[in-house]
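Examination of the molecular architecture
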Number of protein chains: 2
Amino acid sequence: MRISELSEATGVPVPTLKYYLREGLLMSGVASARTRADYGDEHVSRVRLVRALIEQGGVGIAGVHAILTALDDPPTTRHGFLGAAHQVVPLPGADSPVSDEVRALLDRLGWQVEDDAPAARSLSASLVALRRAGIPTNDALEDAYAHAMEAVARLDLQMVDAAGGPAEALGVVVIANVLTDPILVALRRLAQEALSAARELS
Amino acid sequence: MRISELSEATGVPVPTLKYYLREGLLMSGVASARTRADYGDEHVSRVRLVRALIEQGGVGIAGVHAILTALDDPPTTRHGFLGAAHQVVPLPGADSPVSDEVRALLDRLGWQVEDDAPAARSLSASLVALRRAGIPTNDALEDAYAHAMEAVARLDLQMVDAAGGPAEALGVVVIANVLTDPILVALRRLAQEALSAARELS
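First things first, this report covers the structure right here in the doc.

Rules behind the numbers
Residues numbered from 1 in each chain as written. Chains lettered and ligands numbered in written order. Predicted model: local features only at pLDDT ≥ 70, side-chain atom pairs only at ≥ 80, totals over all residues. Heavy atoms only, no water. Helix = DSSP H or I, 4+ residues; strand = E, 2+ residues; numbered from the N terminus. Polar contact = N/O pair within 3.5 Å; in protein donor to acceptor, adjacent residues only side chain to side chain. Contact = heavy atoms within 4.5 Å. Salt bridge = Lys/Arg side-chain N within 4 Å of Asp/Glu carboxyl O. Buried < 20%, exposed > 50% of the residue type's maximum accessible area, 1.4 Å probe, protein only. Least-squares fit on C-alpha atoms with pLDDT ≥ 70 in both. Buried area = accessible area lost by both parts, 1.4 Å probe. Axes fitted to C-alpha atoms, helices over the stretch in contact; angles between N-to-C directions. Left-handed = near helix turned anticlockwise from the far one by under 90°. Nonpolar A, V, L, I, M, F, W, Y, C, P; charged D, E, K, R; others polar. Expected span 1.5 Å × (residues − 1). Arc of directions from axis to C-beta.

**Some thoughts on the side chain of His43(B)**
Residues and elements named next belong to chain B. Among the structural elements, histidine 43 can be located in helix H3 (residues 41-56). Only 3.2 Å separates the side chain of histidine 43 from the backbone oxygen of methionine 27, close enough to count as a polar contact. Beyond its immediate sequence surroundings of up to four residues, histidine 43 is in contact with Leu6, Leu26, Met27, Ser28, Gly29 and Asp38.

So, in structure tokens, the structure goes:
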């Protein structure tokens, strides 16, 4: 198909497609004439993925590049997928050291993770920020939040299992983490609203 | 205390404090001489809050302004807090319409929320983006994620209950949502890693 048809198939305007091409986020079409290129189904899925990551996932151009690179050259072990998936989507404060508080939390939970996992660093920084903002937490509350997110992670792994081979699994983890973080946040807000409304009525 | 002491007490450099003052994120000190102002404890807590929101919460200047305004003029009902809290932190796709799919989900869950809740709009857009990116979901999976986030929301309301009066409760909801979204994301990543490692070993 021509670029105008690729635009129709994806709902993405032609100037935006040309921008994706210039930035290397979309592979070139097959030249069919001096000023014309042909695009196929793989271009349609790539455009949909890039658009979803940028618009709904809030990922920057550099992040999209990192995700596409990881998808092109997937690691070989299941555990390796998650490491790669977590590296490509930076969390705030991932350059902070891992605090003793977070090590103690991981011990209590029995979670075996890499000693310098970016998520452990980010969690350390976030707990400091929360306390700085005047919001107290305690072990019981942190454990309870962790157990709720363990339930979420079990569902995440089910999704990975449902995906086919290694490359598909990596794609699902990377994309699902980026795109379902806002889904979890939205569900959390809706649940807060629903629980709060139920209380006012009772 | 002088601005240099405010800097020491909060760990925020003087030029950054002057930037907060210029942007109206920090109230002026009490003039004690022509070129000197005195700052107190309320300045210390404000600086800590602003810094936490910007650095760890990833909130922009406009968002911090909205949060501070809501804190200064809190709503009067418990349910009103959540509405205000949710308005000040924009979710991606909150200008999309609410889809039939999301209405059906809310019905299944028995969650009574405002018909045009920003989170319901954002959720609609995210589910479309997920499908566009080639990740299938189904009712059972969406319900399971929603139940996990309902457990999180119950903990959130416990935190609100632990806060004192209306103004404190609003503060806790706004700040906790902004600052604990990254905590939940980090816990989710750590749980994925821990569950995945446990599987490879077994």
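**Quick notes on the pattern of salt bridges**
Following the criterion strictly, the structure yields 15 salt bridges over all chains and no others. Across the pair Arg131(A) and Glu101(A) runs a salt bridge, and its minimum N-O distance is 2.5 Å. Note that Arg131(A) is positioned in helix H7 (residues 118-132) and Glu101(A) in helix H6 (residues 100-109), a separation of 30 residues in sequence. According to the relative accessible area criterion, Glu101(A) is partly exposed, its value standing at 25%. A single salt-bridge network, built from bridges that share partners, covers Asp156(A), Asp181(A), Arg188(B) and Arg189(B).

**Observations regarding the relation of the copies chain A and chain B**
Each copy superposes on the other: chain A lies on chain B with an RMSD of 0.0 Å after a rotation of 180 degrees and an axial shift of 0.0 Å. Those values place the two copies in the arrangement expected of a two-fold rotation axis. The rotation axis passes nearest to the C-alpha of Ala148(A) in chain A, at a distance of 2.9 Å. Taken together, the interface assignments show that 100% of the residues at the interface of chain A recur at the interface of chain B, consistent with an identical surface on both copies.

**Concerning the interface of chain A and chain B**
Opposite the 73 residues of chain A that make contact, chain B presents 73 residues. A combined buried area of about 7500 Å² lies between chain A and chain B, and 71% of that area is made up of carbon and sulfur atoms. The largest share of the area that chain A buries against chain B comes from Arg188(A), Arg189(A) and Glu193(A), three residues that together contribute 10% of it. At the boundary of chain A with chain B, the tally comes to 6 salt bridges. Where Arg188(A) meets Asp156(B), a salt bridge forms, and the shortest distance between an N and an O atom there is 2.9 Å. At the boundary of chain A and chain B, one finds 12 residue pairs in polar contact (both at pLDDT 80 or more).

**Let's talk about the packing of H6(A) against H7(A)**
Packed helices, taken two at a time, are described by their axes: the angle between them and the distance between them. Residue and element names in this part refer to chain A. Two elements in contact, H6 and H7, have axes separated by 9 Å at closest approach and are oriented at 115 degrees. Between H6 and H7 lies a crossing of right-handed hand. Residue-level contacts link Glu101, Val102 and Leu105 of H6 to Ala120, Leu123, Ser124, Leu127 and Arg131 of H7. The residue makeup of the contact of H6 with H7, split by class, is 5 nonpolar, 1 polar and 2 charged.

**Describing H3(B)**
Note on helix geometry: an α-helix contains 3.6 residues per turn, so any two residues three or four positions apart are oriented the same way. For H3(B), spanning 16 residues, the distance from its first C-alpha to its last is 22 Å, which sits close to the expected 22 Å at 1.5 Å a residue. Regarding H3(B), the residues found buried are His43(B), Val44(B), Arg46(B), Val47(B), Leu49(B), Val50(B), Arg51(B), Ala52(B), Leu53(B) and Gln56(B).

**Focus: helix H4 (residues 61-72) of chain B**
Residues and elements named next belong to chain B. Between its first and last C-alpha, H4 extends 17 Å over 12 residues, near the 16 Å set by a 1.5 Å rise per residue. Where H4 is concerned, the buried positions are Gly63, Val64, Ile67, Leu68, Ala70 and Leu71. Each buried residue of H4 lies within a common arc of 160 degrees when the element is viewed along its axis, so the set occupies one face. Exposed residues pointing more than 90 degrees away from the buried face of H4 are listed as Ala62, Thr69 and Asp72.

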